[in-house]
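Residue-level structure breakdown
Letter by letter, the chains look like this.
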Amino acid sequence: YSYTSSIETLSRLIECYNFIGNTKEAVSEMQRFLLNNKRTNRWETSKATAEAIFSLLMGNSPKIIGNYKDDTFKVGGKIVDTKEAVPGSGYIKQTWDANDVTSDFANITITKTEDGTSWGNVYWQYLTDYSNVTASSAGLSVKRQILKSSFDGDKVVYTEVTKDDNVKQTDKIVVRITLETDRELEFVHVKDLVPSCFIAKDLLSGFEYQNGLYYYKSIKDESINFFIDKLLKGKYVFEYPVNIQQSGEFNAGITKVQCMYAPEFGGQSEGRKLNVENDKK
C-alpha cells in the first residue's frame, strides 16, 4: 500500500534477526541488499532513513563502517593518500596534472584489510570527437535512432537513417530513443544531444507520458533532457519529431543516460555523422 515502507519493513527484519542471534550471515545479506538499494533509490522518509541506519549499525550486526585508512590504493604504482578521506564514507578525490599521467596509470591496485562489502569507482575523463564515441552500458543502456517518416496510403511508415544514408531538408524526421534497465532506478537523466541541423518541433518543456514512461522534458538549444523520477526494470521507447533547418555534414551527437543517485549506472549511444542535402527550391 502507499502508506507502507519496504525500507522500514526490511530494517525491522534485520533487527529481528539480530535479536534471534546466530544469524550473522542472513543479517549480512539483508544489510548488503539494503545498501545496494540505497545506491539507486532514496529512503523515502526520515523515519525509514532512521530505521535503516539503526539496523545497519546496531550492536550484533556485522561491521559496516570499516577502517578504510588501513587499506592501500595504488595508481600506476603511486600510493593514493587516504588521510583526507571523508569520515564514514571514505570518499577520496585525487587528481593529477596531465604531464604526470602515463600509461602506467591504467594499472590500479586496491588492497582491502577487513571483511565486508565495499564499493569503489574510478572515472577517466578525456576529450574526443562525438563521431568517434562508441556505445557503452552499465546497468542502463540507451539506443538512439534517426527515422524518416513517410506515408504509404493512410499509414505512416518509418525508415531508419543509417550511417551511409543522406537526408533532405524537406524530410520529416523523428528521433527514437530506446532505454533499457536491468534494475529499478530512481532519478534518471537522459540527455539527447541534438545535431545543429535539427530543431525540435515542440519547443515547450513540461511533463509527458509516452509508452509507459512518465517524465519531465526540458528543451534547450543544444540538447533535449528527460528527467525520470522512477524507472522500473524493463525496456522503454519514446520519440520526438524534429525539423531540419540547414544542409551540410554534421555530428549527429549522442544520447547519454545516467542514474543521478549512482553515476556508475549509465550508458551512451554510438556517435556518427549526418549528411543533409539541400533540396529546397
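Predicted, not measured: the structure shown is a model, and the values here were computed from it.

**Notes on helix H3 (residues 46-57)**
A rise of 1.5 Å per residue sets the reference length of H3, with its 12 residues, at 16 Å; its end C-alpha atoms lie 17 Å apart and thus fit the reference within 8%. Residues Ala-48, Glu-51, Ala-52, Ser-55 and Leu-56 constitute the buried set of H3. Along H3, the residues classed as buried sweep out an arc of 130° about the axis, all on the same side. Exposed residues lying more than 90 degrees from the buried face of H3 are Ser-46, Lys-47 and Leu-57. Each element contacted by the buried residues of H3 is listed here: helix H1 (6-20) and helix H2 (24-40).

**Things to note about a nonpolar patch on the surface**
A cluster of nonpolar side chains, namely Leu-13, Tyr-17 and Ile-20, defines an oily patch on the protein surface of about 270 Å² accessible area. Along the chain, Leu-13 turns up in helix H1. Take Leu-13: its relative accessible area is 39%, and that puts it in the partly exposed class.

**Observations regarding the pattern of salt bridges**
Taken as a whole, this structure holds 13 salt bridges when the rule is applied. The partner of Lys-230 in a salt bridge is Glu-186, and the shortest N-O contact between them spans 3.3 Å. Pair noted here: Lys-230 is in strand E13 (residues 223-231) and Glu-186 is in strand E9 (residues 185-193), with a separation of 44 residues, a long-range link. Judged by its relative accessible area of 42%, Lys-230 is partly exposed. A relative accessible area of 10% places Glu-186 in the buried class. For the salt bridge of Lys-217 with Glu-208, the shortest nitrogen-to-oxygen distance reads 3.1 Å. With relative accessibility at 6%, the residue Lys-217 sits in the buried group. Taking relative accessible area as the criterion, Glu-208 reaches 21% and is therefore assigned partly exposed.

What counts, and at which threshold
- Residues numbered from 1 in each chain as written.
- Predicted model: local features only at pLDDT ≥ 70, side-chain atom pairs only at ≥ 80, totals over all residues.
- Heavy atoms only, no water.
- Helix = DSSP H or I, 4+ residues; strand = E, 2+ residues; numbered from the N terminus.
- Expected span 1.5 Å × (residues − 1).
- Buried < 20%, exposed > 50% of the residue type's maximum accessible area, 1.4 Å probe, protein only.
- Arc of directions from axis to C-beta.
- Contact = heavy atoms within 4.5 Å.
- Patch = residues over 30% accessible without salt bridge, like charges linked within 9 Å, V, L, I, M, F, W, Y side chains within 5 Å.
- Areas by Shrake-Rupley, 256 points an atom, 1.4 Å probe, with all protein chains shown as cover.
- Salt bridge = Lys/Arg side-chain N within 4 Å of Asp/Glu carboxyl O.

The values are spatial; any link to function lies outside them.
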